[in-house]
Amino acid sequence: MTELAAVKAALKTQSVETPSWAYGNSGTRFKVFAQAGVPRDPFEKLDDAAKVHEFTGVAPTVALHIPWDRVEDYGALAAHAEKRGVRIGAINSNTFQDDDYKLGSICHPDAAVRRKAVDHLLECVDIMDATGSRDLKLWFADGTNYPGQDDIRSRQDRLAEGLAEVYERLGEGQRMLLEYKLFEPAFYTTDVPDWGTAYAHCLKLGEKAQVVVDTGHHAPGTNIEFIVATLLREGKLGGFDFNSRFYADDDLMVGAADPFQLFRIMYEVVRGGGFTSDVAFMLDQCHNIEAKIPAIIRSVMNVQEATAKALLVDASALAEAQAAGDVLEANAVLMDAYNSDVRPLLREVREESGLDPEPMKAYRASGWAERVVAERVGGEQAGWGA
Ligand code: AOS
Ligand code: ZN
Ligand code: ZN
């Protein structure tokens, strides 16, 4: 296989998971702008996600969020997904939208609230069983706002205890993905604020526990690709929540704010063998002012473009320059790949896969947007910004 053929083959195996909540209405705490034609239930979210897969060819799984995607029969939901040509991806838990969780969920000082939170997580594993989902994605809004409000160490103990109970419940082939976030909604301490804390808990729990890197969850200036390289080295990178940020957890389209950072991250993924391993490439975004399905198609394409550039890095030229201590040449090798226009290559990849080379145009021409506006009345709010 030529090098280019290998790059194309790799791009054809790529898969980007789209989140159910990105298809529904969402907003900031100031306003939710409702859009016409948005899904009215989880089944319709899967219909939209199937469109993204149909036009990109690389978005075969859809992350669910419980309770936003709660249904009577999860088997039927999974069957509906399959009928549309997609599968259920990660199950995202929600231990933050209930009055009981004011002081936290599995780190809460009251054992009864902790019980309720853990029970919810166990229910999410039941849903994984029913839908065939592999990953339980955990993000906790737990933390404190004021020094002295609660005991930092005791909260870590409670976290470890709750996670261990859920870990024990995981079945064969199921994983627990623990996400960290620097701050928000808590502002003084956050119980899983960084990759180190997430890593420490996952290490103790065992092999099925892995860390999730949400690209919007770091302090400005954090070198995210270094974190990615480190977690991959340790075999603890479970996946990504991709999105863009300018300020904090902005949840804008991945690759929109800083495509160079996305390239650097994807380069470390490729370098660390993460592209061919079990790393889950998920989007975690909300489309508050832009049309949702095209925004998700654009996001998937942005990940593809960054991946293509990362795959194009001339590894032997880079290694040679690095070994020779040729700083400028090593940097030039990386920048050459980044500055390549990979759009023609991706158009070819799509054509070879029987797809339209231009997913955005093909989606617009499909008439799906007009059809759902006519058919769906009274779309759902995703949950964010409610
Ligand atoms: C919250 O800030 C996190 O990014 C979560 O990953 C996610 O957005 C939420 O759990 C959606 O289900
Ligand atoms: Zn996230
Ligand atoms: Zn987030």
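This one's a predicted model, so the numbers in the text were calculated from it and none came from an experiment.

Engineer: I'd like a rundown of the overall build of the protein, residues and numbers included.
Structural biologist: From N to C terminus, the protein includes 14 helices and 10 strands. For the protein, whose C-alpha radius of gyration is 21 Å, the value lies close to the compact-globule estimate of 21 Å for 386 residues. Each principal axis of the C-alpha distribution contributes one length, and for the protein these read about 60 × 60 × 40 Å. Contacts in the protein between residues far apart in sequence, at least 24 positions, make up 78% of those at least 6 positions apart.

Engineer: Break down the sheet that holds strand β10 (residues 280-283) for me, with residues and values.
Structural biologist: As summarised here, the arrangement of the eight strands in space is β1-β2-β3-β4-β6-β8-β9-β10, forming a closed barrel in which the pairing is parallel. In this sheet, neighbouring strand axes are inclined to one another by 30° on average, regardless of whether the strands run parallel or antiparallel. With two bridges connecting them, strand β1 (residues 16-19) and strand β2 (residues 61-65) associate as parallel partners. Note that in β2 the partner of P19 across the bridge is A63. Sitting on the sheet, helix α4 (residues 111-131) touches β3 (87-92) and β4 (135-138), and the angle it makes with β3 is about 175°. Here helix α6 (residues 195-205) sits on the sheet in contact with β6 (175-179) and β8 (209-214), set at roughly 160° to β8.

Engineer: Provide a residue-level description of the UniProt feature "domain: Xylose isomerase-like TIM barrel" (unreviewed entry) in the protein, including the pertinent values.
Structural biologist: The sites that UniProt annotates as "domain: Xylose isomerase-like TIM barrel" (unreviewed entry) are residues 49-245. The span residues 49-245 carries 40% helix and 18% strand; its end-to-end C-alpha distance comes to 23 Å.

Engineer: Talk me through α6; I want residue IDs and the actual numbers.
Structural biologist: Within α6 the residues assigned to the buried category are W195, A198, Y199, H201 and C202. Viewed along the axis of α6, the buried residues span an arc of 165°, placing them on a single side of the element. Against the buried residues of α6 lie α5 (152-169), β6, β8 and α7 (224-233). Positive backbone phi, at 130°, marks G206, one or two positions downstream of α6.

Engineer: Give me the lowdown on the pairing of β2, citing residues and values where you can.
Structural biologist: With five of five residues buried, β2 lies mostly within the body of the structure. The side-chain alternation of β2 yields two buried faces, one formed by T61, A63 and H65 and the other by V62 and L64. Traced from β1 through helix α2 (residues 42-56) to β2, the parallel crossover comes out right-handed. Of the pairings in the sheet, the one linking β2 to β3 comprises four bridges and is parallel in character.

Engineer: Give a detailed account of the packing of α7 against helix α8 (residues 259-271), specifying residues and quantitative values.
Structural biologist: Where α7 meets α8, the closest approach of the two axes is 9 Å, and the angle between their N-to-C directions is 15°. With respect to α8, the element α7 is oriented roughly parallel. Our pair here, α7 against α8, has a crossing hand that is right-handed. Contacts between α7 and α8 pair I224, E225, V228, A229 and L232 from the former with Q261, R264, I265, E268 and V269 from the latter. Here the residues of the contact of α7 with α8 sort into six nonpolar, one polar and three charged.

Engineer: I'd like to hear about the packing of α2 against helix α9 (residues 292-311), residue by residue, with values.
Structural biologist: Running from amino to carboxyl end, α2 crosses α9 at an angle of 45°, the nearest separation of the two axes being 10 Å. With respect to α9, the axis of α2 lies oblique. Every pair of crossing elements has a handedness; the one defined by α2 and α9 is right-handed. Of the residues in α9, those touching α2 at D48, K51, V52, F55 and T56 are I293, I296, I297, V300 and M301. Grouping the constituent residues of the contact of α2 with α9 by class yields seven nonpolar, one polar and two charged.

Engineer: I'd like a description of the nonpolar core, backed by residues and values.
Structural biologist: The nonpolar side chains of soluble globular proteins are, as a tendency, buried together. Counting residues in hydrophobic clusters, the biggest one holds 100 residues, and the most contacted among them are L178, V211, V213, V228 and V300. Ignoring sequence-local partners within four residues, the contact set of V228 consists of V213, L237, I265, E268 and V269.

Engineer: So, the pairing of strand β9 (residues 237-242): which residues are in play, and what are the values?
Structural biologist: The buried fraction of β9 amounts to six of the six residues, a majority that puts the element mostly inside the structure. Taken together, β8, α7 and β9 constitute a β-α-β crossover, and its handedness is right-handed. Here β9 pairs with β10 via four bridges, running parallel. In the strand pairing of β10, G239 is matched with A280. Tracing the backbone out of β9, into α8 and back to the parallel element β10 gives a crossover that is right-handed.

Thresholds, definitions, all that
Residues numbered from 1 in each chain as written. Chains lettered and ligands numbered in written order. Predicted model: local features only at pLDDT ≥ 70, side-chain atom pairs only at ≥ 80, totals over all residues. Helix = DSSP H or I, 4+ residues; strand = E, 2+ residues; numbered from the N terminus. Rg over C-alpha atoms; globule rule 2.2 N^0.38 Å. Contact = placed C-beta atoms within 7 Å. Pairing = 2+ DSSP bridges. Axes fitted to C-alpha atoms, helices over the stretch in contact; angles between N-to-C directions. UniProt positions renumbered as here; feature names shortened; annotations may be inferred. Buried ≥ 20, exposed ≤ 12 C-beta atoms within 10 Å, placed from the backbone. Arc of directions from axis to C-beta. Right-handed = clockwise from strand over helix to strand, strands pointing away. Parallel < 35°, antiparallel > 145°, perpendicular 65-115°, else oblique. Left-handed = near helix turned anticlockwise from the far one by under 90°. Nonpolar A, V, L, I, M, F, W, Y, C, P; charged D, E, K, R; others polar. Core = buried A, V, L, I, M, F, W, Y, C linked by C-beta atoms within 7 Å.

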